[in-house]
Amino acid sequence: MAEEQPTFKVVDRRPFNPDGTPRELSAEEKEAQQAAEAKAAAEAPPQPARPPREETRAGRDPLDDPASFVSLIMSLASNAAASLGMMPHPVTGETGVDLKTAKHWIDVLGMLEAKTKGNLDPQEEQMLEGLLADLRMQYVSFSGSPAPPPAKFNASDITGGK
């Protein structure tokens, strides 16, 4: 009965700390992540080249155009962020948490991500993925807590009571 017990190494691969801040990766984790990304890039089917869009060709910032896709997702994400208390209310300047409204805006962004899959520029796709990841992490941190902070405002405050 002198058998050795197998040893296991548990590696936390979550990109965020419990408080929502980005987690620092060790050198070993960074190397493993780079190797995984290189392998995924090598196995990915080649994407057909798309011509650059009007705004990138002209050298303009897509946020300067109110009708751009980036402006749309930033607008929707700011509604979700305000509902999660990540930014102050536009009228009162107070912050509060309204999980129901936040979930609605996060779901709208998720629907847009699904419906536009394969039709976005890399910049647009990366921005949408990043915004959704941040908002979902913030939502999970509030919904998993025993008692979310009380809402100081609700969706009708943002929409003007409509």
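Residues numbered from 1 in each chain as written. Predicted model: local features only at pLDDT ≥ 70, side-chain atom pairs only at ≥ 80, totals over all residues. Heavy atoms only, no water.

Colleague: I'd like a description of the overall build of the protein, backed by residues and values.
Modeller: Along the protein, the regular secondary structure elements total 6 helices and 0 strands. If you list the helices and strands of the protein from N to C, you get α-α-α-α-α-α. Across the 162 residues of the protein, 25% fall into the buried class. A total accessible area of about 11,800 Å² is found for the protein, and carbon and sulfur atoms account for 57% of it. (Helix = DSSP H or I, 4+ residues; strand = E, 2+ residues; numbered from the N terminus. Buried < 20%, exposed > 50% of the residue type's maximum accessible area, 1.4 Å probe, protein only. Areas by Shrake-Rupley, 256 points an atom, 1.4 Å probe, with all protein chains shown as cover.)

Colleague: Report on the pattern of salt bridges, specifying residues and quantitative values.
Modeller: Per the stated rule, a full pass over the model turns up 1 salt bridge. The partner of Asp 107 in a salt bridge is Lys 103, and the shortest N-O contact between them spans 2.8 Å. Linking Asp 107 with Lys 103, this pair stays in helix α4 (residues 99-115), spanning 4 residues, or about one helical turn. According to the relative accessible area criterion, Asp 107 is partly exposed, its value standing at 41%. Lys 103 gets classed as partly exposed once you look at its relative accessible area, which sits at 40%. (Salt bridge = Lys/Arg side-chain N within 4 Å of Asp/Glu carboxyl O.)

Colleague: How would you explain the nonpolar core if you had to name every residue and give the values?
Modeller: Counting residues in hydrophobic clusters, the biggest one holds 21 residues, and the most contacted among them are Ile 73, Leu 76, Leu 84, Ile 106, Leu 109, Leu 128 and Leu 135. Secondary structure elements with two or more residues in this core: α3 (69-83), α4 and α5 (122-143). With 7 residues, α4 is the single largest residue contributor to this core. Residues within four places of Leu 84 in sequence aside, it is in contact with Gly 96, Val 97, Leu 99, Ala 102, Ile 106, Leu 135, Gln 138, Tyr 139 and Phe 142. (Core = buried A, V, L, I, M, F, W, Y, C linked by side-chain atoms within 4.5 Å. Contact = heavy atoms within 4.5 Å.)

Colleague: How would you explain α5 if you had to name every residue and give the values?
Modeller: One turn of an α-helix holds 3.6 residues; hence residues three or four places apart share an orientation. With 22 residues, α5 should cover 32 Å at 1.5 Å per step; its first-to-last C-alpha distance of 31 Å lies within 8% of that length. Of the residues making up α5, those classed as buried are Glu 124, Leu 128, Leu 131, Leu 132, Leu 135 and Phe 142. Across the axial projection of α5, the buried residues extend over an arc of 100 degrees, all falling on one side. In α5, the exposed positions angled more than 90 degrees off the buried face are occupied by Pro 122 and Gln 126. (Expected span 1.5 Å × (residues − 1). Arc of directions from axis to C-beta.)

Colleague: Go over the packing of α3 against α4 with me, naming the residues and quoting the values.
Modeller: Where α3 contacts α4, the two axes come as close as 7 Å, and the packing angle between them is 155 degrees. The angle between α3 and α4 places the two elements in the roughly antiparallel class. Handedness of the α3/α4 crossing: left-handed. Contacts between α3 and α4 involve Leu 72, Ile 73, Leu 76, Ala 77, Asn 79, Ala 80 and Ser 83 from the former and Thr 101, Ala 102, Trp 105, Ile 106, Val 108, Leu 109 and Leu 112 from the latter. Residue composition of the contact of α3 with α4, grouped by class: 11 nonpolar, 3 polar and no charged. (Axes fitted to C-alpha atoms, helices over the stretch in contact; angles between N-to-C directions. Parallel < 35°, antiparallel > 145°, perpendicular 65-115°, else oblique. Left-handed = near helix turned anticlockwise from the far one by under 90°. Nonpolar A, V, L, I, M, F, W, Y, C, P; charged D, E, K, R; others polar.)

Colleague: Pulling in residues and values, what's your account of α3?
Modeller: Helix length check: α3 (15 residues) gives 22 Å between terminal C-alpha atoms against 21 Å at 1.5 Å per residue, within 8%. Residues of α3 that are buried include every one of Phe 69, Val 70, Ser 71, Ile 73, Leu 76, Ala 77, Asn 79, Ala 80, Ala 81, Ala 82 and Ser 83, and no others. Once α3 ends, the next one or two residues include Gly 85, with phi positive near 75 degrees.

Colleague: So what's going on with the packing of α3 against α5? Residues and values would help.
Modeller: Following both chains from N to C, one finds α3 and α5 inclined at 5 degrees, their axes separated by 10 Å at the closest point. Our classification of the angle between α3 and α5 gives roughly parallel. Only Glu 124, Met 127, Leu 128, Leu 131 and Leu 135 of α5 make contact with α3, whose side of the interface consists of Phe 69, Val 70, Ile 73, Met 74, Ala 77, Ala 80 and Ala 81. The class makeup of the residues in the contact of α3 with α5 is 11 nonpolar, no polar and 1 charged.

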